[in-house]
Amino acid sequence: MNDRELIREIQRGKKEYLNTVAEKYYDDIYRFCCYQTGNCQDAGDLAQETFLHFIRSVEHYRYRNLKGYLLTIARNVCVDYFRSRKRRQEREEPWQEEIAGGEENAWKVRTHQEEILITVKQLTEQLPQMQREALILYYGYGFKYREIARMTETGISTVKSRIRQGTEKLKKSLI
């Protein structure tokens, strides 16, 4: 069953197909959230939040590209995550930050995929958020400029510029 048929069935009341959508796209959404946050545990929470938002809005879904729609929701969830994290950090006292930092440095066993995500995060963290996001959507997921422009609510020329500038910055950092 293709995405359009799945959505039609869900909108007709067959909510069991929501699981099919989640199973089909969970890995892509999770990976996108990992790239955005650099934290696999937070990415799992954000991926779940993405699907909760989708479930709440599925009755109004009208896009042609379901994966793109889900990635747009994931992008917005990640933006909200960074905003709330920034507000939380601004409220914390310096001594609380030291304690939290100590917990993050605890010995962890990481999977190969987590190591790759951390490496990608380290390579792209010097890029502005908008360039990093455009690069992930373009190179990581293979979306076209027009699709990225729709997801990020910008113009096609802006997307092209972000990808070009981000690519140039990455090349310079690898030299």
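Comments concerning the nonpolar core
- Within the largest apolar cluster, 42 residues are counted, with the highest numbers of intra-cluster contacts made by Val21, Ile29, Phe54, Leu66, Leu70, Leu71 and Leu137.
- At the level of elements, α1 (3-11), α2 (17-37), α3 (40-57), α4 (66-91), α7 (129-140), α8 (145-152) and α9 (156-174) are the ones that each hand at least two residues to this core.
- Those residues within four positions of valine 21 in sequence are excluded, and the remaining contacts are Leu6, Ile10, Phe51, Phe54, Leu66 and Leu70.

Notes on unusual backbone geometry
- In this model, glutamate 153 sits at a positive phi of 55°, which is unusual for a non-glycine residue.
- Inspection of the secondary structure assignment puts glutamate 153 in the loop between α8 and α9.

Comments concerning the confidence of the model for the chain
- On average, the chain scores 81 in pLDDT, and the residues at 70 or more come to 78%.
- A low-confidence stretch, residues 93-107 stays under pLDDT 50, and its non-local contacts, those more than four residues away or across chains, total two contacts.

Observations concerning the packing of α2 against α3
- Axis separation between α2 and α3 bottoms out at 8 Å; the angle between their running directions is 135°. It follows that α2 is oblique to α3 by the angle criterion. Along this stretch, α2 crosses α3, giving a crossing that reads as right-handed. Between α2 and α3, the residues in contact are Leu18, Val21, Ala22, Tyr25, Tyr26, Ile29, Tyr30, Cys33, Cys34 and Thr37 and Cys40, Ala43, Gly44, Leu46, Ala47, Thr50, Phe51, Phe54 and Ile55, respectively.
- Residue composition of the contact of α2 with α3, grouped by class: 16 nonpolar, three polar and no charged.

Brief notes about the pattern of salt bridges
- Following the criterion strictly, the structure yields nine salt bridges and no others.
- Ionic pairing is found between aspartate 3 and lysine 24, a salt bridge with its closest N-O pair at 2.7 Å. Of this pair, aspartate 3 sits in helix α1 while lysine 24 sits in helix α2, and the two are 21 residues apart along the sequence.
- You can call aspartate 3 buried: its relative accessible area is 17%.
- Relative accessible area serves as the criterion here: at 42%, lysine 24 is assigned to the partly exposed category.

Some remarks on the side chain of arginine 132
- Mapped onto the secondary structure, arginine 132 falls in helix α7.
- Judged by its relative accessible area of 6%, arginine 132 is buried.
- Here leucine 127 takes part through its backbone oxygen, which lies 3.4 Å from a polar atom of the side chain of arginine 132.
- There is a polar contact of 2.4 Å between the side chain of arginine 132 and the side chain of glutamine 129.

Here we look at a positive patch on the surface
- Where like charges cluster on the molecular surface, the positive patch consists of Arg4, Arg8, Arg64, Lys144, Arg146 and Arg150.
- Its place among the elements puts lysine 144 in the loop between α7 and α8.
- Using a relative accessible area of 59% as the deciding quantity, one classes lysine 144 as exposed.

Here we look at the environment of arginine 31
- By the secondary structure assignment, arginine 31 is in helix α2.
- Spatially, the C-alpha atoms of arginine 31 and alanine 47 are 8.7 Å apart, while their sequence positions differ by 16 residues.
- In this structure the side chain of arginine 31 is engaged in a polar contact, spanning 2.7 Å, whose partner is the side chain of aspartate 28.

A closer look at the packing of α8 against α9
- Orientation of α8 relative to α9, taken along the N-to-C sense of each, is 105°, at an axis distance of 8 Å. With respect to each other, α8 and α9 are oriented roughly perpendicular. Here Tyr145, Arg146, Ile148, Ala149 and Thr152 of α8 come into contact with α9, specifically with Ile156, Val159, Lys160 and Ile163.
- For the contact of α8 with α9, the per-class residue count stands at six nonpolar, one polar and two charged.

Section: α8
- The set of residues buried in α8 consists of Ile148, Ala149, Met151 and Thr152. For α8, the angular spread of the buried residues around the axis is 165°, confining them to a single face.
- A positive phi of about 55° marks glutamate 153, the residue just after α8.

Thresholds applied
Residues numbered from 1 in each chain as written. Predicted model: local features only at pLDDT ≥ 70, side-chain atom pairs only at ≥ 80, totals over all residues. Heavy atoms only, no water. Core = buried A, V, L, I, M, F, W, Y, C linked by side-chain atoms within 4.5 Å. Buried < 20%, exposed > 50% of the residue type's maximum accessible area, 1.4 Å probe, protein only. Helix = DSSP H or I, 4+ residues; strand = E, 2+ residues; numbered from the N terminus. Contact = heavy atoms within 4.5 Å. pLDDT = per-residue confidence, 0-100. Axes fitted to C-alpha atoms, helices over the stretch in contact; angles between N-to-C directions. Parallel < 35°, antiparallel > 145°, perpendicular 65-115°, else oblique. Left-handed = near helix turned anticlockwise from the far one by under 90°. Nonpolar A, V, L, I, M, F, W, Y, C, P; charged D, E, K, R; others polar. Salt bridge = Lys/Arg side-chain N within 4 Å of Asp/Glu carboxyl O. Polar contact = N/O pair within 3.5 Å; in protein donor to acceptor, adjacent residues only side chain to side chain. Patch = residues over 30% accessible without salt bridge, like charges linked within 9 Å, V, L, I, M, F, W, Y side chains within 5 Å. Areas by Shrake-Rupley, 256 points an atom, 1.4 Å probe, with all protein chains shown as cover. Lys, Arg positive; Asp, Glu negative; His and termini not counted. Charge placed at Lys NZ, Arg CZ, Asp CG, Glu CD. Arc of directions from axis to C-beta.

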